[in-house]
Amino acid sequence: MIKRISFWCFIASGVLTAIFAVKNVTDYVRYSTTLNSAPFYYTVILNAAVFILPALTALAVGIVLRSKKR
């Protein structure tokens, strides 16, 4: 059971990281300097807070669960 949970944590981490990359590319395509007062890197920081932090948390949980299995 723990092996399955750690597997799904790794999958969730990878999916969140892939979504982060795709979201940044689509945001860059839509970004216009004349319409936005904030620099684009603020958007990247916000996307990192939304996608990368949970991905790192899921990765850490998966690693801890995998190490407890042994």
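Residues numbered from 1 in each chain as written. Predicted model: local features only at pLDDT ≥ 70, side-chain atom pairs only at ≥ 80, totals over all residues. Heavy atoms only, no water.

**Digging into the overall build of the chain**
Counting its secondary structure elements, the chain contains two helices and zero strands. Relative to the compact-globule value of 11 Å for 70 residues, the chain shows a C-alpha radius of gyration of 16 Å, a clear excess of over 25%. Taken along the three principal axes of its C-alpha coordinates, the chain extends 55 × 15 × 10 Å. Nonlocal contacts in the chain, meaning residues at least 24 apart in sequence, comprise 74% of its contacts between residues at least 6 apart. As presented, the chain carries roughly 5,300 Å² of accessible surface, and 71% of it is formed by carbon and sulfur atoms. (Helix = DSSP H or I, 4+ residues; strand = E, 2+ residues; numbered from the N terminus. Rg over C-alpha atoms; globule rule 2.2 N^0.38 Å. Contact = heavy atoms within 4.5 Å. Areas by Shrake-Rupley, 256 points an atom, 1.4 Å probe, with all protein chains shown as cover.)

**Focus: helix α1 (residues 2–30)**
Here α1 contains 29 residues, and its C-alpha end-to-end distance of 42 Å stays within 8% of the 42 Å for a straight helix at 1.5 Å per residue. For α1, the complete set of buried residues consists of S6, C9, S13, F20, N24 and D27. (Expected span 1.5 Å × (residues − 1). Buried < 20%, exposed > 50% of the residue type's maximum accessible area, 1.4 Å probe, protein only.)

**Looking at the packing of aromatic side chains**
This structure, assessed with the given rule, holds four aromatic pairs. A ring pair is formed by Y31 and F40, whose centres lie 5.4 Å apart and whose planes are at 65°; its orientation type is edge-to-face. For Y31, a relative accessible area of 22% puts it in the partly exposed group. By relative accessible area, which is 19% here, F40 ends up buried. Judged by centre distance (4.8 Å) and plane angle (65°), the rings of Y41 and Y42 are edge-to-face. Residue classification places Y41 among the partly exposed positions, given a relative accessible area of 48%. On the basis of relative accessibility, which here comes to 45%, the residue Y42 falls in the partly exposed class. (Phe/Tyr/Trp six-rings, centres within 6.5 Å; stacked < 30°, edge-to-face > 60°.)

**As for the side chain of S6**
The residue S6 is located in helix α1 in this model. Ignoring any residue separated from it by four or fewer positions in sequence, one finds S6 in contact with G62, L65 and R66.

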